[in-house]
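Structure assessment
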Amino acid sequence: MHLPLPLSILGTLALLFLPPSIAQAITPRITPQTKFQYRTNGTWLENLALGPAPSGATTTPTLLVTRMDVPELWSIDVSTGRGEVVASFPNATACMGITPLGQDGVYAVVVGRLRITDIGHPVPGSWGIYEVDLSGGVAGEDEDGDGDEGAVSVRKMADVPEAGWLNGMALFPSGGTGIQARGGEKAGVVLIADSVNGVIWQLDTQTGTYRVALNDTASMAASPTDPLGLGVNGVRVWRGFVYYSTDSVQAVFRVPVRWDDSSQTVRAAGVVETVALGVVVDDFAVAEDGGLYLMAVADNQVVRVTAAGERSVLAGTRESAQVAGCTSGVISRDGRRLFVTTNGGHITPPKGGEEPAKLVEIDL
Ligand SMILES: *[C@@H]1O[C@H](CO)[C@@H](O)[C@H](O)[C@H]1NC(C)=O
Ligand SMILES: *[C@@H]1O[C@H](CO)[C@@H](O)[C@H](O)[C@H]1NC(C)=O
Ligand SMILES: *[C@@H]1O[C@H](CO)[C@@H](O)[C@H](O)[C@H]1NC(C)=O
């Protein structure tokens, strides 16, 4: 054999003979990149959505992120690392879930009252859903100088006084054809997790009427022994399934659903399945292929669960600040990047202590 070894084999052999710390530095690993970070501790990014689809000359991907320490919605331009407030909400202290509605540039945002130093005690009766319309552009985008920047309109869609703590939210159906195939589509309905009452509400964003859609005590209720009293937390819809995380049972579940025309309700259309057990998950992202990216907020890790159910840590360690206090995730339109919001490790501070909240990007 006179042929030189292929470079890749040489590389592998070299790694075998290096001390472990150096080998680890050379081995390709997932390294989250910080795209935006606040300057002060005690900031908390809670949820996010992809911004309006870039159009015309604009190709910049923006993300819309909600803050839980103040009642503000921010827009972050990941190419420049600039962030700005696009909306703030009256008589509230926190924003939670956000979801795009059917129409491009129009979003629904959960707003209410709680203090991040006392997250087990949100104010019952303080929760509502607002519509934020960014289709007229957001402040700072007035590149042509015609003074039309900041044409953001904000409208309350509904108060939900019966709710204990409205948290994650998703559009139903969202991007899935499965529900239509089952003959049950309904425009403009959002699903919202209530972490105190352990149910998922539905809201008709056109009429403002709301009711309990899904109420499965075993998989959604807060446990009486859980000091934070957190039941169902994150919710996402994927191809006819509602996925949800429930902190008090440290699990993620899914249930097939359909729209029931006679009761005007989203109904379970099958049994609840367990997707992941033994992990406390805040919110999560669902990929096009059904794979999940779970935000293990107290472990400071992003956990991947493939559609086949294989589980691995994608990024972070308990001690590391990389994705410390990860709260939610969303996948880019091309499916190649995962954006993650954090609370800076407020629940389990990483080695070196809590840091300001940030937005990170992970290449998939
Ligand atoms: C502010 O919210 C509280 C509930 O947290 C409610 O009782 C009160 O009526 C609201 N005030 C106004 C002015 O909307
Ligand atoms: C959920 O279901 C349980 C058990 O049937 C019931 O006691 C509870 O009132 C329901 N919760 C809501 C908010 O409807
Ligand atoms: C945040 O808190 C940690 C731990 O107390 C401290 O080490 C760090 O300097 C603080 N960071 C900022 C930006 O204040």
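Predicted, not measured: the structure shown is a model, and the values here were computed from it.

Remarks on the overall build of the chain
Looking only at helices and strands, the chain features four helices and 25 strands. A separation of at least 24 residues holds for 53% of the contacts in the chain among residues at least 6 apart in sequence. Here the chain displays about 16,300 Å² of accessible surface, and carbon together with sulfur accounts for 52% of that area.

Observations regarding the site of ligand 1
Around ligand 1, a shell composed of Asn91, Arg113 and Ser126 is seen. Here Asn91 contributes a side-chain N or O atom positioned 2.4 Å from an oxygen atom of ligand 1.

A few points about the nonpolar core
Among the nonpolar cores identified, the biggest contains 27 residues, and Met68, Val110, Leu114, Trp127, Ile129, Leu166 and Ile192 are the most heavily contacted of them. Listed by contribution, the elements that provide at least two residues to this core are β6 (94-100), β7 (106-112), β9 (153-159), β10 (166-172), β11 (189-194) and β12 (199-204). With sequence-adjacent residues up to four places away left out, Leu114 is seen in contact with Met68, Thr93, Ala94, Met96, Pro122, Trp127 and Trp165. Counting residues in each nonpolar core, the second largest holds 20 residues, with Ile200, Leu214, Val242 and Ala251 among its members.

Examining the sheet that holds β6
On the basis of which strands lie adjacent, the open sheet formed by four strands has the order β6-β7-β8-β9 and antiparallel pairing. The open sheet has two free edges, formed respectively by β6 and β9, since each of these has just one partner strand. Here the average twist between neighbouring strands, direction ignored, is 25°.

Overview of the site of ligand 3
Residues in contact with ligand 3, as listed here, are Arg39, Asn41, Gly352, Gly353, Glu354 and Pro356. Asn41 is positioned such that a nitrogen or oxygen atom in its side chain is 2.3 Å from an oxygen atom of ligand 3. Glu354 places a main-chain nitrogen or oxygen 3.3 Å from an oxygen atom of ligand 3. Here the shell around ligand 3 is built from residues that sort into one nonpolar, three polar and two charged.

With respect to the packing of aromatic side chains
Each aromatic ring pair is described using two quantities: the centre-to-centre distance and the angle formed by the ring planes. Tallied over the entire structure, the rule returns nine aromatic pairs. When the centroid spacing of 6.1 Å and the interplanar angle of 50° are considered together, the rings of Phe36 and Trp74 count as tilted. Placement of Phe36 in strand β1 (residues 33-37) and of Trp74 in strand β4 (residues 72-77) is noted, with a sequence separation of 38 residues between them. Between the aromatic rings of Phe172 and Trp259, the centroid separation amounts to 6.5 Å while the plane-to-plane angle is 40°, which identifies the pairing as tilted. Taken as a pair, Phe172 in strand β10 and Trp259 in strand β16 (residues 251-260) lie far apart in primary sequence, 87 residues in all. Here Phe172 matches Trp259 in class, with each residue buried.

With respect to the sheet that holds strand β20 (residues 292-296)
The strand order across the open sheet formed by four strands is β19-β20-β21-β22, and the pairing between neighbours is antiparallel. Each end of this open sheet is capped by a strand with a single partner; those strands are β19 (284-286) and β22 (311-315). Each neighbouring strand pair of the sheet contributes to a mean axis angle of 25°, computed without reference to strand direction. Alignment of β20 against strand β21 (residues 301-305), held across five bridges, turns out to be antiparallel. When the sheet's bridge partners are listed, Leu294 is paired in β21 with Val303.

As for the side chain of Glu355
Mapped onto the elements, Glu355 comes out in the loop between β24 (337-342) and β25 (358-363). On the basis of relative accessible area, Glu355 is assigned to the buried category, the value being 15%. Among the polar contacts made by the side chain of Glu355, one reaches the side chain of Lys358 at a distance of 2.9 Å.

Observations regarding the confidence of the model for the chain
Mean pLDDT over the chain stands at 86; residues scoring 70 or higher make up 83%. Counted against residues more than four places away or in other chains, residues 1-28, with its pLDDT under 50, gives eight contacts. Here residues 141-149 is modelled with pLDDT under 50, and outside its nearest four sequence neighbours on either side it reaches seven contacts, counting other chains as well.

Comments concerning the side chain of Asp247
Relative to the helices and strands, Asp247 resides in the loop between β15 (241-246) and β16. One buried charge, Asp247, has no salt-bridge partner; the nearest side chain with opposite charge is Arg311, at 13 Å. Those residues in contact with Asp247 that lie beyond four places of it in its chain are Leu230, Gly231, Asn233, Val280, Val281 and Asp282.

Re unusual backbone geometry
The phi angle of most residues is negative, glycine excepted, and most peptide bonds adopt the trans form. A positive phi angle is found at Asn91, which is not glycine, with a value near 55°. In this fold, Asn91 is placed in the loop between β5 (82-88) and β6.

A word on the pattern of salt bridges
Applying the stated rule across the entire model yields 13 salt bridges. For the salt bridge of Lys358 with Glu355, the shortest nitrogen-to-oxygen distance reads 2.9 Å. The pair formed by Lys358 and Glu355 is uniform in burial state, with each residue classed as buried.

Thresholds, definitions, all that
- Residues numbered from 1 in each chain as written.
- Chains lettered and ligands numbered in written order.
- Predicted model: local features only at pLDDT ≥ 70, side-chain atom pairs only at ≥ 80, totals over all residues.
- Heavy atoms only, no water.
- Helix = DSSP H or I, 4+ residues; strand = E, 2+ residues; numbered from the N terminus.
- Contact = heavy atoms within 4.5 Å.
- Areas by Shrake-Rupley, 256 points an atom, 1.4 Å probe, with all protein chains shown as cover.
- Near = heavy atom within 4 Å.
- Polar contact = N/O pair within 3.5 Å; in protein donor to acceptor, adjacent residues only side chain to side chain.
- Core = buried A, V, L, I, M, F, W, Y, C linked by side-chain atoms within 4.5 Å.
- Buried < 20%, exposed > 50% of the residue type's maximum accessible area, 1.4 Å probe, protein only.
- Pairing = 2+ DSSP bridges.
- Axes fitted to C-alpha atoms, helices over the stretch in contact; angles between N-to-C directions.
- Nonpolar A, V, L, I, M, F, W, Y, C, P; charged D, E, K, R; others polar.
- Phe/Tyr/Trp six-rings, centres within 6.5 Å; stacked < 30°, edge-to-face > 60°.
- pLDDT = per-residue confidence, 0-100.
- Lys, Arg positive; Asp, Glu negative; His and termini not counted.
- Salt bridge = Lys/Arg side-chain N within 4 Å of Asp/Glu carboxyl O.

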